[in-house]
Each structure stands twice: as C-alpha cells, then as structure tokens.
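Each chain, written out:
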Amino acid sequence: MAFKGALVIDTEKCKGCAVCITGCPQDPKCIALSKKVNAKGYNYLEMVNEDACIGCASCAVICPDGVIEVYRAKC
Amino acid sequence: MAKQLVLMKGNQAIAEAAIRCGCDGYFGYPITPQSEVLEHLMAERPYLTTGMVVLQAESELASINMVYAGAAAGKRVMTSSSSPGFSLMQEGLSYIAGAELPALCVNVVRGGPGLGTIQPSQSDYFQTTKGGGHGDYRLITLAPASVQEMYDFVELGFDLAFKYRNPVAILSDGVIGQVMEKVMVDDYKPRWTNEYIEENCPWAATGHRSTGKHRIVTSLELEALKQEAINDRIQAKYRKCEEEDARYEAIQCDDAEYIFVAYGSAARICMKSVELARAEGIKVGLIRPITLWPFPTKAVKEIGSRMKKILSVEMNAGQMIEDVKLAVDCNIPVEHYGRYGGVIPTPVEILDALKKMIK
Amino acid sequence: MTREDIIKPENLVYKRTPVLTDATMHYCPGCGHGVVHRIIAEVIEEMGIQDNVIGISPVGCSVLAYNYFDVDFVEAAHGRAPACASAIKRLRPETFVFSYQGDGDLASIGCGEVVHACNRGENITMIFINNGIYGMTGGQMAPTTLEGMETVTCPYGRDPKIMGHTMRLTEMLAQLPGTYYVTRQAVYTPAAARKCKKAIRQAFENQKLNKGVSFVEVTSNCNSGWKMTPVQANKWMEENTLKYFPLGDMKVDGKFDPKFIERVGTFDQPNETIFSLRKK
C-alpha cells in the first residue's frame, strides 16, 4: 500500500537549522530551506518535492522546535 | 499524647517541636553542636507516625536545596546546621528568598571564623541578619534564650515563613542547643493535607496545575525592570514585617539608668548580671531582642533614649552593637562587651564591664 | 491526490504536543534540547500525567525549560536539581518527578548531588543532556569535553595532563545499586530520536515501580559552542562523541547489560583518534 504525505510547517517558528532535511529519507529530498526569510531572519523550511512525501514524520521527530505537522493518506 | 512537661536538650526540642507542629520534612547534615536535631528525629521516626520525611543529606548544600524544593512544592520543611554548615547554605537561602518560599532553618552557632571551635558563640549575627547570601533579601531571625523557646519558635518560625513567604532562621547557639531544661510540649497537630495546600498555596508547584495553568517556582528574571518589580514586592513584605513582627522582651527597664542589650544565651547571663547589679544599687535593665531581624528598633530607641549609657553584650567581637547604635541614632553612648571564639562570659564579668562603662 | 485531500484531521500523524507551551524556545537552531523537550512532553501527554508531574530545571542553557512545558516546574540552583527532585518525590510520592540537567550542571558542579541521589535510589527520572561544553556561558570546557577538543577555556584542545580526563559520569552512576535504569541515547537522527523516546517513556514508567533512579543521558550537540552548523555538529558528534560515549543501555531493570560490562573493560584507552583529529 502506498502512502502520500503532506506537511504543515510553522514557518514563523522555524529556525532553519536544516536538521530535518538530513532526516528526510527521500532522494531527492521533499524539503529544503527557502531562499526567503521569516520575521526572525531565518531561511525557513518549505516543501520542494511534495509528490515524494510519504508522511513518514522523520523530519518532524527530529525538529527541535516542533514546527512540522505531518499528515498521511492512503492512495 | 497531650501537653506534657519534659526534660530535653535545646536541639531535641527543635526536633520534637517539628514533629508535633506538623512539619512535613527535615533535611540535614550532621555538625556539632546541633547533631541532636537529626539524631532525635531519626530515633523518633516520625515518618512512621505523622508522615514527616526525615533525610540525612550528603551535605548542607543538598539539605538547603531539598528544603528549597520541598517549600516550592508547598510543604512545611526545615533544616538545621551550625556555623560552617550554615555558611554553605547561604546560596540556597538566597534562592528561597528570591523565589519567595517559606522555609525554616536553624543555626546553632559555634565560634568562628573558619572551622573555629565547637563551643557556643554569637558570631553569625551579621551573616544571619544582614543577608549572608547574595542579593537584596532578609532572613527573619528568631533568637531563642531557652529550651522552651527553641521548642516554641519552630511553629512560630513556620507561621512567619508562610505569612511572608520568606525563609526564617532560628539563630541559636551551642549553649541553648546543648543545655537541658524542662519544656512544655504541645499535642500533635496534623500535617497539612494536599487539598489544604492546593487551596492555600496557589504559588506552589504541586504538580497538579489546579489553578488551571502551570506553576513555576523560580528566582530567575532576565528583564531588569521586572526583577526590580519583584524586589519592590519583596521589600514591601520586609517593611510590613518590620512593622508587625519585631519582638523583644524588656526586663526591669522602667526605672533603669542603664540597659544591657543582649539576645539568646548572652541575654540569659545578663539576667543574672541585672540581679547582681541591682543588689549593689545599680539601676540596670535588659532589652532582649527576640527577633534580630526585624530588629526591635522602636523599642530600643524608646527605652534606650531614656538611659545614660547602653551596653551591648554579645558573644562576638561586636556585631549587634551596630543595630543598637542605629536604633538610638548614636544619641546615647553605646558600648560593647563580648567574649568570643567559644568563650562564654560570666555574670560577674558582665557586671564588671557595666561598672567600667559607668565610671 | 491533492494537498487538500491529505491535510484532514483523520490523516494527522504528527503534531506538536499541547504539553509544550506556545513559547518559542530560546535554544540555538538545531539544538538537541528542543528535541528532548518535545520528547519528554510527548511522553507526559501519552502517559496522561500532565496534571501529576513536577519538573526540575537546572542552571545552564535549559534554565528556562519551565517556560516550555505546560507542567509545574521548579528551577533549581546550579547542580542541585537531583537534591530538589529527591525532596519533592519524598514529600509527594504520588507525583511523577523528573530532573533535567546539562553536563556542566550535572557532571561538574552538581556531581555530588547526582551521585548521592542515585545512591539513595530516589524514585525519580533524570534526564542528562551531554553536549561536551558549557553552552550558556559561551562554550567553555566541561568535564565531558573530549580530549583534544577545543573550547574557549582549552583553546589548544583539552589536554588531559593538565585539564583532567573526559568524564563518563553515566557509566559511574550505572554502577551504583540505587540506579534501576541507565541508558545513553541521542536525538540526531529520526531513528535515534524514536529510540530515545522509548527510553524516556521507560524512565517515566519506572516511577510506578518505585525501584530507584531511571537515568537517561542524551548525547547532544552544541553547534554554537562547537562553532559548526547544526548539520555539521550532528555529523561531528556521530564521528567523535559517540566513539567515547557509545549509545545504548547500561542497566535495565536493575541489571547490567552484558554489552556494557564488556565495554567498561576498555575505558582506560586514551582517545587518540579525537586528539589527532582536532590537532589538524
């Protein structure tokens, strides 16, 4: 059974540490740091490869600031 | 067991009073001359009867921080030590005052500085009444002059600690700690229930968030203006305490021309000196401060201002004399007589010092 | 399937636990403290003990931990969290009590308190974040700083001849009879973080048994103190720290793990690899 995932990222609370990106098992990665910055001046996280996301939550479980919400649906 | 008259040491009276007044926990470390407090508690095993926790900690540092945390959880907790150990507790006392927590600490003073002697002294007056630890805080300080007062001041100490949410010290010494006297002990009072604490100590971190939000006990505030506001609140409590809770005893002061000012065991000795002096026709009285902080400034000023001279009798090199001088605004001559390093003055010695001052 | 089709309440698999407050943590980007805070909060949520738990925060980077957990908290003096936790647990035995300390707080200034709390077998959970450095005060040497590692108070690398050896406090504590569960975990990969959560859950569950201290060391990073990016710091930790501080259980259910016993025999080996690595 295949899964498809989606992330809701609290971009204002993201500190752009990029630790989550190393956690993403997909190649190419589903997530990357934006070229834009948030109010605190951090390049925040965004989804760049939405189709590849399987909703494994690996990014979320190593996010130090708990800014990633993960959804997963069967498809 | 109802009220009864018993013979016991001052240190034992502290322990017995703790058990009987509903104290929740004692955390301490052995040091002469106060080890009987812990010994008595361990022998009585109140954890089997009243449920009071008794723990011999690994150090005075641990003891005072256990007291800090126990108080933070809304419990009536205490420790006891003697001078070198009490020095180790100063950081913790500052935290307790800073976090506005109620706690009771007994110091059965011995001679210093350093490891000093194990004999009685009053050389920790400055440390106890002027702060001791860091920051703008005060220790409410009770000075017992008898074993009965050692007993009574435990409950009084807890009452004042909870009234002001501030640490209270019982500043005793090796004489009062070690001497045996008769004591009237009270009936056992139950410890506060957790429900009572929940209702009456909304500041306490009980774990239950019963005020609807999480409770934090801390003495940290990184914003200077907020820290100043906290200090303002603490200082307001101290002004109220000075107003309402300065205690003293005046003995034969009405017709006196001279007075001794002395506390604790020095006051006990001075009582005899007053008797000896009066037998020789010298009109002398005694003011015995019971709270050393707040110092009974008003009383010393009022009574002291009528005197020709004042003799501050202390078992130290001259510490309380500063507060006596401030009380009378230096309008009346104040002299000091003291023995220290563990030496206890005799009534005759003090009488001689009085005569020398009068000349 | 569109994004909107997926983002529906029934498809939610991970969200920030409400046991954490909304406050933004002051930790540097990528700091392990945040992950461990989140894991503890999730464990508290899953066990349903939010209204029956008291945390003790230390002095150091995590001094403000009390702002991030929506549970009752007491902030301890530097190094004294184990003494505080001991007192609270004894006075309120019905409550889950955990202390949270860094390596400066626990292994240096508070070494006495942690050893004695463990030796008394206090029925508490201790969380120990070991990043080998003093973060809050600006990156000074800690007892846990690796040999050869550079900090602002050992700018030429830690020389054990002058500065003492890298301290494996957790291994010491495991040997005390008062500890019931002792483990070393990490949170630098999703797998490690999931494992760490299991360990912390176990450490909290153990309080129901009243059998002694449950101690979880989390080997972590300090990218600011180490002067690396968060991703580099995690990699460096894996290649260096974890060689000296190997992950895994040391004691489970009061019994030594056989692998741990095997390992303690090798502790007198000098850490040449790291020393030479940092010299370059």
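Conventions adopted
- Residues numbered from 1 in each chain as written.
- Chains lettered and ligands numbered in written order.
- Predicted model: local features only at pLDDT ≥ 70, side-chain atom pairs only at ≥ 80, totals over all residues.
- Heavy atoms only, no water.
- Helix = DSSP H or I, 4+ residues; strand = E, 2+ residues; numbered from the N terminus.
- Rg over C-alpha atoms; globule rule 2.2 N^0.38 Å.
- Contact = heavy atoms within 4.5 Å.
- Areas by Shrake-Rupley, 256 points an atom, 1.4 Å probe, with all protein chains shown as cover.
- Buried area = accessible area lost by both parts, 1.4 Å probe.
- Salt bridge = Lys/Arg side-chain N within 4 Å of Asp/Glu carboxyl O.
- Nonpolar A, V, L, I, M, F, W, Y, C, P; charged D, E, K, R; others polar.
- Polar contact = N/O pair within 3.5 Å; in protein donor to acceptor, adjacent residues only side chain to side chain.
- Pairing = 2+ DSSP bridges.
- pLDDT = per-residue confidence, 0-100.
- Phe/Tyr/Trp six-rings, centres within 6.5 Å; stacked < 30°, edge-to-face > 60°.
- Buried < 20%, exposed > 50% of the residue type's maximum accessible area, 1.4 Å probe, protein only.
- Axes fitted to C-alpha atoms, helices over the stretch in contact; angles between N-to-C directions.

Examining the overall build of chain B
Phase 1: Tallying secondary structure elements over chain B gives 14 helices and 15 strands in all.
Phase 2: In summary, chain B has a C-alpha radius of gyration of 21 Å against a globular reference of 21 Å for 359 residues, a match within 12%.
Phase 3: With the C-alpha coordinates of chain B rotated into their principal frame, the extents come out at 70 × 50 × 40 Å.
Phase 4: Contacts in chain B between residues at least 24 apart in sequence constitute 78% of all its contacts with a sequence separation of at least 6.
Phase 5: For chain B, the exposed area adds up to about 13,800 Å²; of that, 53% sits on carbon and sulfur atoms.

With respect to the interface of chain A and chain C
Phase 1: With 35 residues of chain A at the contact, the number on the chain C side is 32 residues.
Phase 2: When chain A packs against chain C, the two sides together hide about 2,700 Å² of surface, and 63% of this comes from carbon and sulfur.
Phase 3: Taken together, the links from chain A to chain C amount to zero salt bridges.
Phase 4: Residue assignment for the side of chain A that touches chain C shows that the elements contributing at least two residues are β1 (3-9), α1 (19-23), α2 (58-61) and β4 (68-74) of chain A.
Phase 5: In terms of residue count, the dominant contributor to the side of chain A that touches chain C is β4(A) (seven residues).
Phase 6: Considered class by class, the residues forming the side of chain A that touches chain C number 20 nonpolar, six polar and nine charged.

Structural notes on the interface of chain C and chain B
Phase 1: Listed per partner, the contact involves 37 residues of chain C and 37 residues of chain B.
Phase 2: Carbon and sulfur atoms make up 57% of the area that chain C and chain B hide from each other, which totals about 2,900 Å².
Phase 3: Of all residues in chain C, Asp72(C), Leu91(C) and Arg92(C) bury the most surface against chain B, accounting for 25% of the area lost on that side.
Phase 4: Counting across the interface, chain C meets chain B through four salt bridges.
Phase 5: Summed over the shared surface of chain C and chain B, the result is 20 residue pairs in polar contact (both at pLDDT 80 or more).
Phase 6: Elements supplying a minimum of two residues to the side of chain C that touches chain B: β2 (53-57), β3 (72-75), α3 (81-91) and α5 (111-120) of chain C.
Phase 7: In terms of residue count, α3(C) provides more of the side of chain C that touches chain B than any other element does, seven residues in total.
Phase 8: Taken together, the residues that form the side of chain C that touches chain B break down as 17 nonpolar, nine polar and 11 charged.
Phase 9: Relative to β3(C), strand β9 (residues 216-217) of chain B runs parallel, the two being bridged by two bridges. Its bridge partner lying in β3(C), Val217(B) is registered against Val74(C).

Looking at the confidence of the model for chain C
Residue and element names in this part refer to chain C.
Phase 1: Of all residues in chain C, 94% have pLDDT values of 70 or greater, and the mean over the chain is 93.
Phase 2: The low-confidence segment residues 269-280 (pLDDT under 50) makes 16 contacts with residues lying over four places distant or belonging to another chain.
Phase 3: Interface predicted TM-score (ipTM) for the complex: 0.95; the corresponding pTM is 0.95.

Focus on the packing of aromatic side chains
Residues and elements named next belong to chain C.
Phase 1: The full count for this structure, using the stated rule, is 16 aromatic pairs over all chains.
Phase 2: Aromatic side chains Phe-69 and Phe-73 sit 5.4 Å apart centroid to centroid with 25° between the ring planes, which places their arrangement in the stacked category. Of the two residues, Phe-69 and Phe-73, both sit in the buried class.
Phase 3: With centroids separated by 5.8 Å and ring planes inclined at 25°, the aromatic side chains of Phe-256 and Phe-260 adopt a geometry described as stacked.

Quick look at the sheet that holds strand β13 (residues 291-293) of chain B
Strands belonging to one sheet form pairs held by backbone hydrogen bonds; the direction of such a pair is parallel or antiparallel.
Residue and element names in this part refer to chain B.
Phase 1: Taken together, seven strands build an open sheet; the order of strands is β3-β2-β4-β5-β7-β6-β13 and the sheet is mixed. Two strands bound the open sheet, and with one partner strand each, they are β3 (53-56) and β13. Between one strand axis and the next, the sheet turns by 20° as a mean value, whatever way the strands run.
Phase 2: Where strand β2 (residues 25-28) lies against strand β4 (residues 77-81), two bridges are found, and the strand directions are parallel. Residue pairing for β4: Gly-25 is matched across the bridge by Val-77.

Things to note about the pattern of salt bridges
Phase 1: Scanning all chains against the criterion turns up 44 salt bridges over all chains.
Phase 2: Here Asp72(C) and Arg215(B) are joined by a salt bridge, their closest N and O atoms 3.2 Å apart. In this pair, Asp72(C) sits in strand β3 while Arg215(B) sits in the loop between α9 (194-200) and β9, so the two residues belong to two different chains.
Phase 3: Taking relative accessible area as the criterion, Arg215(B) reaches 6% and is therefore assigned buried.
Phase 4: With a shortest N-O distance of 3.1 Å, Arg38(C) and Glu42(C) are connected by a salt bridge. Of this pair, Arg38(C) and Glu42(C) both sit in helix α2 (residues 32-47), four residues apart, which is roughly one turn of that helix. Each member of the pair, Arg38(C) as well as Glu42(C), carries the same accessibility label: buried.
Phase 5: Counted as one network, the salt bridges with shared partners bring together Arg38(C), Glu42(C), Glu46(C), Lys197(C), Arg201(C), Glu205(C) and Lys208(C).

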